[in-house]
Amino acid sequence: MKYLLYYILIGISCLSACTSSPDSHFSRYSDFTKTKALSAQVINLDTILFRYPFRVTVRDSVAVVMDLHNIDYYLHAFTYPGWKHIASFGRRGEAPKEMLSAANIQFNSLDSLWALDPNKMQITRWKISPSTSSAELVEEIKLDKKLVRSLDFHTMESGFLIPDYLGEHRFWEVDGNGKPIKSNGTIPSETANEETSRPALAQAWRSFMDYNPENGVLAMATQLGESLEIYNLKDSTHKVLYGPAGEPEFKTGKDGSGVPNGIMGFSDIKVTNKYIYAVFQGIKFKDKLAAYQRGEQPEDGGRFIYVFDLQGNPVQKYTLDRAIYGIDINEETNTIVATEVKSDDPIIEFKI
């Protein structure tokens, strides 16, 4: 239960219908004309026991898994595709060089594995050495208090992209010292007005983000509802897409915070050179809460991967035989690596 609440506070030819109604500001998609069922292939690991493997990323024949609630280490490196353990790092603790929490990772190269610690308001950079089975902390960047408690990030050439969590903007461009230098956009709500609590709106619109520096596309997908945003930072264009569930639903609590409603939406997003891939749940939030109240453990994750082109036109819907959370995409090998958080075999692959 507490983990669930933490997460909350964490072309026309391809489309059956994608229009903007007279009463709406943004484009809608209703369904995908191309669908395909995918079956998972389980990855056999050697020694690592995960508690909640939230994110996975692969670079340079190394895979790194971020475990959201591990009692010892948040980060685990493996060879790829062999999946032999290299090193566990990002020790949990309050001491220097330790992490109080982990929210996301960004893997650029063997000497640039970046990790975000929201509780310390810090981004760290690690160097992974498969030859010595080690990971070395090489850089710590403190984030400015103006960024509040950041829950997501992405590296860019001269710094980072970080969502805004106060509701005044959509995201910040942050320099290499953790200082915000430019704000961008606003929350694309069709229902919010001047009386809407901005912090509550920001909580409800908490989004997962990914950025591809090759094409300049930044994509954001909401954890509640069914809303996506596509920013092209090279040509300064911006597109908003609403799915059938629409924008995130919430009520404002007495303390001004956002109380989630509606559905659980997206759980991860990846921008490749060709497409945008987003993991979608679509489960009613009240059904999940009711299951917890009955003492049950409801399914956690999404059984769908939605694929859009870089302009936001729906291309393909994959239906999965497992509920997943994090993904990594390799279009050259047509492989999706994913995490299944409630499984004894939590790392799986799909061939597309």
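Residues numbered from 1 in each chain as written. Predicted model: local features only at pLDDT ≥ 70, side-chain atom pairs only at ≥ 80, totals over all residues. Heavy atoms only, no water.

1. Structural notes on the overall build of the protein
- In terms of regular secondary structure, the protein is built from three helices and 28 strands.
- Computed over its C-alpha atoms, the radius of gyration of the protein comes to 19 Å, within 12% of the 20 Å expected for a compact globule of 352 residues.
- Its C-alpha atoms put the protein at 60 × 50 × 45 Å along the principal axes.
- Looking at the protein residue by residue over its 352 residues, the buried ones come to 57%.
- For the protein, the separation between the mean place of its 38 positive charges and that of its 45 negative charges on side chains is 3 Å. (Helix = DSSP H or I, 4+ residues; strand = E, 2+ residues; numbered from the N terminus. Rg over C-alpha atoms; globule rule 2.2 N^0.38 Å. Buried < 20%, exposed > 50% of the residue type's maximum accessible area, 1.4 Å probe, protein only. Lys, Arg positive; Asp, Glu negative; His and termini not counted. Charge placed at Lys NZ, Arg CZ, Asp CG, Glu CD.)

2. As for the packing of aromatic side chains
- Evaluation of the coordinates by the stated rule reveals 22 aromatic pairs.
- Seen in terms of ring centroids, F32 and F308 are 5.7 Å apart; in terms of plane orientation they differ by 65°. Their pairing is edge-to-face. Linking F32 in the loop between β1 (27-28) and β2 (35-38) with F308 in strand β24 (residues 302-309), this pair joins segments that are 276 residues apart in sequence.
- The class for F32 is buried, based on a relative accessible area of 5%.
- A residue is classified by how much of its surface remains accessible, and F308, at 1% relative accessible area, is buried. (Phe/Tyr/Trp six-rings, centres within 6.5 Å; stacked < 30°, edge-to-face > 60°.)

3. A word on the sheet that holds strand β12 (residues 154-156)
- Reading across from one edge, β12-β13-β14-β15 is the order of the four strands in this open sheet, with antiparallel pairing throughout. Each edge of the sheet is formed by a strand with only one pairing partner; in this case those strands are β12 and β15 (180-184). When the angles between neighbouring strand axes are averaged without regard to direction, this sheet yields 25°.
- Pairing of strand β14 (residues 171-175) with β15, which is carried by four bridges, proceeds in the antiparallel orientation. (Pairing = 2+ DSSP bridges. Axes fitted to C-alpha atoms, helices over the stretch in contact; angles between N-to-C directions.)

4. Overview of the environment of W83
- With respect to the helices, strands and loops of the structure, W83 is situated in the loop between β6 (73-79) and β7 (85-91).
- Beyond its immediate stretch of four places on either side in the chain, W83 contacts I43, N44, L45, D46, V56, A63, V65, F78, V337, I347 and E349. (Contact = heavy atoms within 4.5 Å.)

5. Brief notes about unusual backbone geometry
- A cis amide bond, omega 15°, links Y80 with the succeeding residue P81.
- By the element assignment, P81 lies in the loop between β6 and β7.
- A positive phi is found at K97, a non-glycine position, where the angle reads about 70°.
- Mapped onto the elements of the fold, K97 is located in the loop between β7 and β8 (104-109).
- Judged by its relative accessible area of 60%, K97 falls in the exposed class.

6. Details of the nonpolar core
- Counting 42 residues, the largest nonpolar core has V64, L75, L228 and I276 as the members making the most contacts within it.
- Contacts of I276, omitting those with residues within four sequence positions, involve V217, A219, I230, I269, K270, V271, Y306, V307, F308, D309 and L310.
- In terms of nonpolar packing, the next biggest core, distinct from the first, is built from 16 residues, Y277, Y318, I348 and F350 among them. (Core = buried A, V, L, I, M, F, W, Y, C linked by side-chain atoms within 4.5 Å.)

7. Re the sheet that holds β1
- Taken in spatial order, the five strands of this open sheet run β1-β19-β18-β17-β16, and their pairing is mixed. Edge positions in the sheet fall to β1 and β16 (207-212), since each of these pairs with one other strand and no more.
- Of the pairings in the sheet, the one linking β16 to strand β17 (residues 217-222) comprises six bridges and is antiparallel in character. Looking at β17, one finds that F208 is bridged to A221.

8. What about the layout of surface pockets?
- The space that makes up the largest pocket amounts to roughly 880 Å³.
- What lines the largest pocket is a set of 35 residues, and nearest its centre among them are V58, R59, V271, D328 and I329.
- Among the secondary structure elements, those contributing two or more residues to the lining of the largest pocket are β4 (53-59), β8, β16, β22 (263-271), β26 (327-330) and β27 (335-339). (1 Å grid on protein atoms, 1.4 Å probe; cavity = no way out; pocket = protein on both sides within 12 Å on 5 of 7 lines; lining within 4 Å. Points joined across faces, edges and corners; volume = space filled by probe spheres on them.)

9. Remarks on the pattern of salt bridges
- Overall, the coordinates contain eleven salt bridges when judged by the stated rule.
- Linking K288 and D300 is a salt bridge whose minimum nitrogen-to-oxygen distance equals 3.4 Å. Within this pair, whereas K288 is found in helix α3 (residues 285-293), its partner D300 is found in the loop between α3 and β24, the two being separated by twelve residues in sequence.
- Relative accessible area serves as the criterion here: at 2%, K288 is assigned to the buried category.
- Exposure remark for D300: the relative accessible area of 6% places this residue in the buried category.
- In this structure, the salt-bridge partner of R294 is E296, at a minimum N-O distance of 3.1 Å.
- The class of R294 is exposed, set by a relative accessible area of 54%.
- Residue E296 is classed as partly exposed on the basis of its relative accessible area of 39%.
- In the salt-bridge network here, residues are joined through shared partners; they are R55, D268 and K270. (Salt bridge = Lys/Arg side-chain N within 4 Å of Asp/Glu carboxyl O.)

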